[in-house]
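# Structural overview for review
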Amino acid sequence: MTDTSSFNHRPTIVALATPLGESAIGVIRISGKDAHSLAGKLYRGKSRWESLSPRRATVGYLVDMDGEILDEAVWIKYASPSSYTGEDMVEVMLHGNPWILLEAQRIFVKAGAFMAKPGEFTERAYLNGKMDLSQAEAVNDLIRAHTRLAKSAALSQLQGKLSGVITRIHSSLLELMALLEAAIDHSDIEETFLSYERVLGQIEEIRSSLVNLLKTARAGQILSLGLRVALVGAPNVGKSSLFNLLAREDRAIVTEIPGTTRDTLEVEIQIQDVPFRLIDTAGIHESTDRVEQEGIRRSQKAIEMADLCVVLFDGSRPPQKEDQAILDLVKDKSCLFVINKVEEPHHAHEYDFVEDPLWISVRNHTNIDILHERLASFYYALGYNPQADVLLTNQRQEALLSQALDALEEAKRETIAGTSEEYIVHHLYKAKQSLEEIVGKTSHEAILDRIFSRFCIGK
Ligand SMILES: Nc1nc2c(ncn2[C@@H]2O[C@H](COP(=O)(O)OP(=O)(O)OP(=O)(O)O)[C@@H](O)[C@H]2O)c(=O)[nH]1
Ligand SMILES: [Mg+2]
């Protein structure tokens, strides 16, 4: 449960809010009921600490408990509830020297603050009602977003757009439950008689909102995890060469010897603002070499895990039986078929068993722009624009929405079967609870720990 009762028992915490490295400035954050008094003991400046008004930057020294100056800093006080965490807070901007920053942290701990756990500032923001749970998750997504689209999805969730959609569905659910409950309480009164069509119609309306939101999960999760693309094919067709070209770096070893790649290699790239995880794999064929066999097993695993397979063929030679065998391995996957090495006289037209192949030459960079285009359209064909649409971006949200949908479908079945209102309400109640868990109206400590432990310290 959202718990504000223990507000005053929470210890005052401190952490570095910026990465530990040489930089222009580094920021230390302190939050909790003693934040102001504790910082006051370590501040030396022209104006008295108590007289500093909140949200105003003030220059002053940071001194240790013996009064020795550590650094000159800029101090900002925030007064509860107008702060990120909702508690009294102080932010101290020091010179970005890792030694100074660690020392500053130590000084605050010596003065009585506790080291913050990962995500503890945001967890407090949630516990103090500054944001709901889906917004708190968005904070982490925003920090980790690597592309414009991933950033847009996270920012829109942080602005509360997902919470808005969930709240609307939740309200319709409450309305329907109230109607049914009234019918249960006054089943003897003629006017409260509820029409079967009306109940079914409302259930259906809620159900379709849930279905529509769930449909966005794939597009949303691709933005946070990257679209997994496995480069697969027989040995020596040019998978690693294409991998390096798309990654714009010389990551994978390329040789003319078939069986060069053994371990799968991964790299993150972006095409038209969509994040991709490219996976280079070992060439698949029958092999007696134990190391190569293990490589091939890993290639098959990569195919299983991929959202999309780019299947390569070597156009400089006629098709081989391995090429046919690979088609069999990818038959249940979404695929783009590519015939490489077409810059010299080639056999590409003999690959007529391949569906809609793109002819490329990694050596001459021929048609690589079209390959980029086809990869990006695979994402855009999902039909969402993260700048305008509300997307589900994590599996926790997706799992809870699926639970809500299951419960609603139960309710629909019971209604059609003519079961009494009590049973229908029971299922709707379960759906309501799942929706509440998404935004964190009900949540257990273990769930919060799992969510916030993925954050960095200081956030
Ligand atoms: N002519 C020509 N040769 C290419 C092209 N792309 C790659 N090659 C050559 O093909 C050979 C094999 O390339 P790799 O990228 O190692 O092939 P691979 O599919 O990763 O091979 P394995 O890891 O052994 O499965 C190398 O000699 C490359 O230089 C191309 O577009 N044209
Ligand atoms: Mg290779």
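Residues numbered from 1 in each chain as written. Chains lettered and ligands numbered in written order. Predicted model: local features only at pLDDT ≥ 70, side-chain atom pairs only at ≥ 80, totals over all residues.

### Things to note about the site of ligand 1
Quick reminder of the rule: Should the C-beta atom of a residue, placed from the backbone, lie within 6 Å of a molecule or strand, that residue is near it. Runs of H or I in DSSP of at least four residues are treated as helices and runs of E of at least two as strands, each being numbered from the N terminus. Gly counts as polar in this scheme, as do all residues outside two lists: the nonpolar Ala, Val, Leu, Ile, Met, Phe, Trp, Tyr, Cys and Pro, and the charged Asp, Glu, Lys and Arg.
Neighbouring ligand 1 are 25 residues, the closest being Gly238, Ser240, Ser241, Thr261 and Gly283. A per-element tally of the shell around ligand 1 places helix α9 (residues 239–247) first, with three residues. When its residues are assigned to classes, the shell around ligand 1 shows six nonpolar, 13 polar and six charged.

### Remarks on the sheet that holds strand β10 (residues 274–280)
The test is simple: For two strands to be treated as a pair, DSSP must find at least two bridges joining them.
If you trace the six strands from one edge of the open sheet to the other, you get β9-β10-β8-β11-β12-β13, paired in mixed fashion. Edge strands, defined here as strands with exactly one partner in the open sheet, are β9 (265–271) and β13 (358–359). Relative to strand β12 (residues 335–340), strand β11 (residues 308–314) is paired through six bridges, and the arrangement is parallel. Paired with Val311 across the bridge in β12 is Phe337.

### Digging into the domain arrangement of the chain
Our working definition: For the purposes of this description, domain bounds are those given by an automatic or database domain assignment.
Per the domain assignment, the segments of the chain are domain 1 (7–131), domain 2 (139–216 + 391–440) and domain 3 (223–380). Inter-centroid distance (C-alpha atoms) of domain 1 to domain 2 is 41 Å.

### A short note on the pairing of strand β5 (residues 69–78)
Of the pairings in the sheet, the one linking strand β4 (residues 58–63) to β5 comprises six bridges and is antiparallel in character. Residue pairing in the sheet places Val63 in a bridge with Ile69 of β5. Hairpin connection, β4 to β5: the antiparallel pair is bridged by five residues, and Gly67 has positive phi, about 90 degrees. Across five bridges, β5 lies against strand β6 (residues 89–96) in antiparallel orientation. Within the sheet, the bridge partner assigned to Trp75 lies in β6 and is Val92.

### Notes on the environment of Arg413
Tracing the backbone through its elements, the reader meets Arg413 in helix α13 (residues 395–416). Separated by 213 residues in sequence, Arg413 and Leu200 place their C-alpha atoms 9.6 Å apart.

### Regarding the packing of α13 against helix α14 (residues 421–439)
Heads up, the rule is: Note on method: axes are straight lines fitted to C-alpha atoms, helices fitted across the in-contact stretch only, with angles between N-to-C directions ranging 0 to 180 degrees. Here roughly perpendicular refers to angles of 65 to 115 degrees, roughly parallel to angles under 35, roughly antiparallel to angles over 145, and oblique to all remaining angles. Helix crossings fall into two classes, left-handed where the near helix is turned counterclockwise from the far one by less than a right angle and right-handed where it is turned clockwise. For the purpose of contact definition, each residue receives a C-beta atom placed from its backbone, and two residues are in contact when these atoms lie within 7 Å.
Running from N to C, α13 and α14 point in directions that differ by 170 degrees, and their axes come no closer than 8 Å. In terms of their interaxial angle, α13 and α14 are classed as roughly antiparallel. Read as a crossing pair, α13 and α14 show a hand that is left-handed. Between α13 and α14, the residues in contact are Gln397, Leu400, Leu401, Gln403, Ala404, Ala407, Leu408, Glu410, Ala411, Glu414 and Thr415 and Tyr423, Ile424, His427, Leu428, Lys430, Ala431, Ser434, Leu435, Glu437 and Ile438, respectively. Partitioned by chemical class, the residues of the contact of α13 with α14 number twelve nonpolar, five polar and four charged.

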